[in-house]
Structures are given as C-alpha cells and as structure tokens.
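# Chains, contacts and geometry: an overview
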Amino acid sequence: MQLLFAADPELWGIIGISFKVSMSALLLALPIGLLIAFGLAYGNFIGRRFLITSFNTLLSFPAVVVGLTFYILLSRQGPLGEWRLLFTQPAMIIGQMALAIPILVAMGHSALQAIDRRAWETARTLGASLPRATMTIMREARFGLLAALLAAFGRIISEVGASMMLGGNILHYTRNIPTAIALETSKGEFAQGVALGLVLLLMAFTLNGMLQLVQGKGRLAA
Amino acid sequence: MISIKFRGIEKSFARRKILDCVDIELASGACLLLCGKNGSGKSTLLKILAGMERPDHAEIELGGKTYSWREAKKILLHKSIYLHQSPYLFEGSVWRNLDYPLSGARAARRSEIEYALEWADLAELADENVAHLSGGERQRVALARALLRKPQVMLLDEPTANMDTDSRQRTLSLLEQLKQEGIALVVVTHDPVHFIGKGEQRLMLQSGKLTTPEEPLVAGNISELKPVSKVGS
Ligand SMILES: Nc1ncnc2c1ncn2[C@@H]1O[C@H](COP(=O)(O)OP(=O)(O)O)[C@@H](O)[C@H]1O
Ligand SMILES: [Mg+2]
C-alpha cells in the first residue's frame, strides 16, 4: 500500500482536489449556516418552527438529488446556465455547500439552543454589543458547533452524487476521491479504488475520533 | 446622581397581562425591595428596567427628557445591570468572567479586577474554574463582575435566595456598600426582613399592579403583606 502511494502522484492529486473543494465548500457554508442557526435559535418570527423542520428534513436529502437540482440550474439551458459553471470545481463547491448547510444549521441550532438564555442576557447587560454577545454565545457553544463542523465535513468529503453530477469527474480538475473510486471500480481497477477507499476510511475514523473527543469535552465542561 | 422615571409600564405574554400600568422611579442611593408571588412578573419588570426586555408600553423620563423605548433601551443597557437569580457565569475562570465587562489596556484591567476580587473576597479563587464554585461564590463573582461594569442602577433578582446565613450576610454587606456608593438598587426578595433598617422602600407586585405594603415588617407577617395604595398615583 505504501508503495502504491509512493508510486502514484495521481492519487495525491485526487486527494488534493477532494480537500481543496470540500474545505472551500465548508468555509463558504460556515458563515451562512451559523447565521441561519443563530436566527433560528434566537429569532422570534413567524415560520421559525417550519424552517427548523425543513432544515432537519434537508439533512437526509440524497446527495444525488442535490446534484440533480443544481445540474438543472447550472446546465446550459438552466436559469444559471450563463455562469458556465457546470463541470467545474465551483459547481462542486456549490453542491457541497448545499449539502453542508443543512447539517451546520440543524446541528448548530441545537448546539445554540442548548446554551442557557441567561448567557445572552448576561452578555448584553454586561455591555456587550450585538456582535460581541454573538461571539460569546458561539464560544459557550463551541463544542457543539465544532461537532457540527466535523459532521458537515464528513458528509461532503465522502459524498459522490453531487460531485459526480456537477463536477463531471474530469481528471486533474474535478475528479475527487469518491468519484475516482466509482470510476476505478467500474473499470475493474480495484487496487486504486481500495487505496482511495482506505484514505476515506482513515479520514472517517479520524473525524469520528475528533467528534467523540469534542463531544466528551462538551459534556465535561457542562 | 441618576434618576429614571418609568410610567405606565405594560407587558403581556400570550395575551396575559403581566404588568398593568406600573410606575416606578429609580434614584441614586435608593433601594427598592420588591416582593410578590412566583410568576407575578418581578423578573420581567426588572428586565424591562434594565433595557433587556421590551415593554408593550412605557414612558421613560431621564434628566427631564422623555425617551422612546428605542432610545431608552440604549441608555438603560448602558447605565444599569441585571443580575439573574442564579447567575450565569461564562465558561472558564473567575478572572475571565471579571474581565468580560472591561475594555482598555491590560494593566488597567488587571488592577481593576484585582480590586474587585478583593472587594468580593474572591482573591484566592481568581484562577478557579467557575464550574467548581459554590452557590454563594458564584453570586459574589456575579456581583463583582457587575460592579466592574460601573453601573448606576443595579437590578438584583433574589440575590440571597437559597443561601446559607454566612453567604447571605456577605452578600448583604456588599449590597449595602453598593447603595452607599450611590448606586440605585432594586432587589427582588421574599425575605425583606433581611434588608430592613436601611431606609428601603418596600413594593409589592400583585395582579400586574405595583403597591406599597403598609404594615411594619416583622418576621411573622412577611407572607401576608397586603397592598394598600398605588405608587405614583
Ligand atoms: N419570555 C416569556 N415568554 C412567555 N411568558 C413569559 C416569558 N417570561 C415570563 N413569562 C411569564 O410571565 C409571568 C411572570 O414571569 P416572571 O417575571 O419571571 O415572574 P416572577 O419573577 O415574579 O416569578 C410568568 O407567568 C411567566 O411564565
Ligand atoms: Mg423571577
């Protein structure tokens, strides 16, 4: 296995693309997801309940359907066709953002919800501005928010549906770990598929380990 | 010196009127003792006075000028501080909590925090994680933290509830100092007898109205205070 990696720079390229795309998607999705989570946790508006339920439903949305949706939007004849984004990395990033945001919102919302309302009131009465009070609450909820972040990353780094449909699996550009596995396996080249599969497995293991650690810490601190 | 007049405070939750035309005046060095049954709206009233909860209606007069809630809210948040019945301390050390309301240079903050630690008899606990503190210690951290904000009005929600005699005595003497420093105090308490003898005014919240109990306060009749006249009318 060691040999395989040493010998094959192509594999590293694929792993690099996976990380670049998923990290970008996560970083872009993060502020949007947190903002919505905050609105849902602290806002007081009509339709709040409905939105919470909607995001929880979106959690289990199949990646292929997200892929299909954006495929239609981004295809030449689609409403966003002029952007010429289909089969590019930005298209993959958009699809992965769409997968990450519901996780960030749903898990972020429950992490923020778990923080005592008195925390917000205390911050405000001690003179914190709205942005500072927001930061304070995020710090109090940091373990839960970090768990949301890890879970979102775990989902988008390993999903194949959206990446395949929106990226098109172009070598050196949009071929990432999951789409490469799908391709190699269909060609009957199991060695590469297995090697990449192991990379994903290792990552899943690491992410889960971190998640456990973070959640354990959260419990300890509470 | 500060004097804030609130007139006609109204507040409903889910169409249930919690506060019905309440008038109250806060002034430097004055201490109001507020009692009333559970759920009578005492905390709600305090949060409105602190600018943290929006009333359905209120006229707020400060320095001879009347303000809308939008303007008043800023001033109230700036000048006053609300202390929860069981204080919320931010995760981390006592020091971090005391640092929270402060801004400015590190050295200046440091000496302020050291003064507050001394004041609240917390010097030994400066680096302690707040998760390890007792109820009385938590209350004193909250008081010291509030003091560092240099408020002109302090609104205390049952500061001595569930405290042993020793903790209560310490807290009471800290409150006495605050009053002497000219801070306007409103204290919610079920045991006004502990606060007696310092020229406090007693108020009672009942069915949304603020009233003054008339009988002299002795240990026996605390629970049966009767409203007699409406304040400010
Ligand atoms: N944010 C809120 N939403 C709905 N009802 C509330 C809210 N805050 C307080 N209440 C209700 O208002 C009433 C008065 O509450 P509160 O001011 O906490 O009373 P007290 O402090 O005198 O026990 C209670 O019946 C409580 O359930
Ligand atoms: Mg209360």
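Let me sum up the structure you'll find in this document. (Residues numbered from 1 in each chain as written. Chains lettered and ligands numbered in written order. Predicted model: local features only at pLDDT ≥ 70, side-chain atom pairs only at ≥ 80, totals over all residues. Heavy atoms only, no water.)

### Things to note about the overall build of chain A
- Helices and strands together make up the secondary structure of chain A, namely 11 helices and 0 strands.
- Beginning at the N terminus, the succession of helices and strands in chain A can be written as α-α-α-α-α-α-α-α-α-α-α.
- Once the C-alpha set of chain A is aligned to its principal axes, its extents read approximately 65 × 45 × 25 Å.
- In chain A, which comprises 222 residues, the share counted as buried stands at 46%.
- A separation threshold of at least 6 residues defines the contact pool for chain A, and within that pool the share at least 24 residues apart is 74%.
- About 11300 Å² of surface is accessible on chain A, with carbon and sulfur atoms providing 70% of the total. (Helix = DSSP H or I, 4+ residues; strand = E, 2+ residues; numbered from the N terminus. Buried < 20%, exposed > 50% of the residue type's maximum accessible area, 1.4 Å probe, protein only. Contact = heavy atoms within 4.5 Å. Areas by Shrake-Rupley, 256 points an atom, 1.4 Å probe, with all protein chains shown as cover.)

### Some points on the site of ligand 1
Residue and element names in this part refer to chain B.
- Around ligand 1, the structure places Phe13, Arg16, Ile18, Lys37, Asn38, Gly39, Ser40, Gly41, Lys42, Ser43 and Thr44.
- Look at ligand 1: alone it shows 560 Å² of surface, and the protein chains cover 58% of it.
- Listed by contribution, the elements that provide at least two residues to the shell around ligand 1 are β2 (16–27) and α1 (42–49).
- When residues in the shell around ligand 1 are grouped by element, the largest group, 3 residues, is from α1.
- In the shell around ligand 1, the residues fall into 2 nonpolar, 6 polar and 3 charged. (Near = heavy atom within 4 Å. Nonpolar A, V, L, I, M, F, W, Y, C, P; charged D, E, K, R; others polar.)

### Re the sheet that holds strand β5 (residues 65–67) of chain B
Residue and element names in this part refer to chain B.
- If you walk across this open sheet you meet the 4 strands as β2-β1-β4-β5, and the pairing is antiparallel. Strand pairing shows two members of the sheet lacking a second neighbour, β2 and β5, which therefore form its edges. Going from strand to strand, the sheet's axes swing by 20° on average, the running direction of each strand aside.
- In terms of strand pairing, strand β4 (residues 57–62) meets β5 through 3 bridges, oriented antiparallel. Of the residues in β5, the one forming a bridge with Leu62 is Lys65.
- The strands touched by α1 within the sheet are β1 (3–13) and β2, with β2 carrying the most contacts at an inclination of about 50°.
- Most of the contacts of helix α2 (residues 69–79) go to β5, to which it runs at about 105°, and overall it touches β1, β4 and β5. (Pairing = 2+ DSSP bridges. Axes fitted to C-alpha atoms, helices over the stretch in contact; angles between N-to-C directions.)

By themselves these figures say nothing about function.
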